[in-house]
Amino acid sequence: MCFYCLVIFTLLFALPMPTLSSATMEHQVQATSVESTESGVTSGLRPWKGQSNWRRSHHLKNAHGILNIIGWGVLLPTGAIVARNFRNYPLKCDEWYQLHTQCQTSGYMIGTVGWGIGIWLGNSSRQYTLKAHRTLGIVVFTFATLQMLALWLQPKKENECRKLWEIYHIVLGYAVIVLSIANIFEGIGNIRSHAAEVWRWVYVGMLIVLALAAVALEICRWIKSKNPQQMTFEDNQIYASQQI
């Protein structure tokens, strides 16, 4: 529930982020005014309208970035870490599947809202096309949607297609994570202000935390595999099956 509250909060209240300089904003407002004058429209109140449109666009860009970072860039990798390390080996959690599906589903929903905002911003802007960022975003959304649909088509464990489904699920899942991270940095690189460095370092910090957690769990896995006496018979079977 807190994830969905976060979506609503982000859309209603933009987090304070460094903005463009007043000179840049004034230039954009003047450009809007000149454009309207050349088209034969009275420009008396156009500067104020241009300033209002800029603030709304800036608010939506912040929401787009925050939601995509949380959804695609944090929750999806967290769900993958849970599925790999909390199912049975090296750590066992009976609620691992619920945690995994909650992370992936919440990440997909939050990321989809951010993706939709980005598509709207791209369609409403005649100045910035950002083709690479847009294309990667569509690919990420498509792959993630296929992953969500795969949950409904998940075969039973005794089914012959189960192994193929698991390979497909793992490969496509990691592909979504890699493409999502790449596209987040691509989007940050498109920010034309000093705010880009703030966004970049905040997300790098999040990735470092996730990476440290993943590395610690992998070390735990390696230590257990080197000490067979500390592993139960069931753990040995699980570890052997994961190495195939």
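A quick note: this is a predicted structure, and the numbers were derived from the prediction, not measured. (Residues numbered from 1 in each chain as written. Predicted model: local features only at pLDDT ≥ 70, side-chain atom pairs only at ≥ 80, totals over all residues. Heavy atoms only, no water.)

**Q** Describe the overall build of the chain, listing the residues and the values that go with them.
**A** Secondary structure assignment for the chain yields 8 helices and 0 strands. Start at the N end of the chain and walk to the C end: the helices and strands fall as α-α-α-α-α-α-α-α. Counting every position in the chain, which comprises 244 residues, the buried fraction comes to 33%. Across the chain, every contact between residues at least 6 apart in sequence was considered, and the portion connecting residues at least 24 apart equals 73%. Per element, the accessible surface of the chain, about 15,100 Å² overall, is 67% carbon and sulfur. (Helix = DSSP H or I, 4+ residues; strand = E, 2+ residues; numbered from the N terminus. Buried < 20%, exposed > 50% of the residue type's maximum accessible area, 1.4 Å probe, protein only. Contact = heavy atoms within 4.5 Å. Areas by Shrake-Rupley, 256 points an atom, 1.4 Å probe, with all protein chains shown as cover.)

**Q** Give me the lowdown on the packing of helix H5 (residues 131-152) against helix H6 (residues 162-189), citing residues and values where you can.
**A** In contact at an axis separation of 9 Å, H5 and H6 are set at 155 degrees when each is read in the N-to-C sense. As the angle between them shows, H5 and H6 are arranged roughly antiparallel. Helix-helix and strand crossings are classified by hand; for H5 and H6 the assignment is left-handed. In this structure, H5 contributes Ala132, His133, Leu136, Gly137, Val139, Val140, Phe143, Ala144, Leu146, Gln147 and Ala150 to the contact, and H6 contributes Trp165, Tyr168, His169, Leu172, Gly173, Val176, Leu179, Ser180, Asn183, Glu186 and Gly187. Within the contact of H5 with H6, the residues separate by chemical class into 13 nonpolar, 8 polar and 1 charged. (Axes fitted to C-alpha atoms, helices over the stretch in contact; angles between N-to-C directions. Parallel < 35°, antiparallel > 145°, perpendicular 65-115°, else oblique. Left-handed = near helix turned anticlockwise from the far one by under 90°. Nonpolar A, V, L, I, M, F, W, Y, C, P; charged D, E, K, R; others polar.)

**Q** Just give me the short version of the packing of H6 against helix H7 (residues 195-226), but keep the residues and values in it.
**A** One way to put it is that H6 packs onto H7 with a least axis distance of 9 Å and a crossing angle of 160 degrees. Accordingly, the angle class assigned to the pair H6 and H7 is roughly antiparallel. Listed contacts from H7 to Ile181, Ile184, Phe185, Ile188 and Gly189 of H6 are Ala196, Trp199, Arg200, Tyr203, Val204 and Leu207. Looking at the contact of H6 with H7 residue by residue, the class counts come to 9 nonpolar, 1 polar and 1 charged.

**Q** Which residues make up the nonpolar core, and what are the values?
**A** Across soluble globular proteins, you tend to see nonpolar side chains buried next to one another. The biggest cluster of nonpolar side chains holds 17 residues, and the ones touching the most others in it are Ile117, Ile188, Trp199 and Tyr203. Taken together, the elements giving at least two residues each to this core come down to helix H3 (46-85), helix H4 (96-124), H6 and H7. Considering each element in turn, this core owes the most residues, 7 residues, to H3. With residues near it in sequence (within four places) discarded, Tyr203 still touches Ile69, Gly73, Val74, Ile181, Ile184, Phe185 and Ile188. With 10 residues, the next largest nonpolar core counts Trp72, Ala144, Val176 and Ile177 among its residues. (Core = buried A, V, L, I, M, F, W, Y, C linked by side-chain atoms within 4.5 Å.)

**Q** Lay out the pattern of salt bridges with the relevant residues and their values.
**A** Applying the stated criterion to the full structure yields 4 salt bridges. Ionic pairing is found between Glu166 and Arg162, a salt bridge with its closest N-O pair at 3.2 Å. Here Arg162 and Glu166 lie together in helix H6, a separation of 4 residues that amounts to about one turn. Linking Arg221 and Glu218 is a salt bridge whose minimum nitrogen-to-oxygen distance equals 3.8 Å. Here Arg221 pairs with Glu218, and both are found in helix H7, just 3 residues apart, close to one helical turn. Glu218 sits in the partly exposed class, given a relative accessible area of 29%. When salt bridges that share partners are traced, they join Arg84, Glu218 and Arg221 into one network. (Salt bridge = Lys/Arg side-chain N within 4 Å of Asp/Glu carboxyl O.)

**Q** Which residues make up the confidence of the model for the chain, and what values do they have?
**A** Here the chain averages 78 in pLDDT, and 70% of its residues register 70 or above. Mean pLDDT in the chain bottoms out at helix H2 (residues 22-38), which sits at 44, and peaks at H6, which reaches 94. pLDDT under 50 marks residues 6-45. Its contacts with residues more than four places away, or in other chains, come to 52 contacts. (pLDDT = per-residue confidence, 0-100.)

**Q** An account of the environment of Cys220 is requested, with residue identities and associated values reported.
**A** Looking at the element boundaries, Cys220 is found in helix H7. Along the primary structure Cys220 and Pro90 are separated by 130 residues, whereas in three dimensions their C-alpha atoms are 6.6 Å apart.

**Q** Provide a residue-level description of the environment of Gly187, including the pertinent values.
**A** Note on placement: Gly187 falls in helix H6. In the structure, Gly187 is positioned 123 residues away from His64 in sequence and 9.9 Å away in space, judged by C-alpha atoms.

**Q** How would you summarise H7 if you had to cite specific residues and measurements?
**A** Its 32 residues give H7 an end-to-end C-alpha distance of 47 Å, which sits within 8% of 46 Å, the value for a rise of 1.5 Å per residue. Those residues of H7 lying buried are Ala195, Ala196, Trp199, Tyr203, Leu207, Leu210, Leu217, Arg221 and Ser225. (Expected span 1.5 Å × (residues − 1).)

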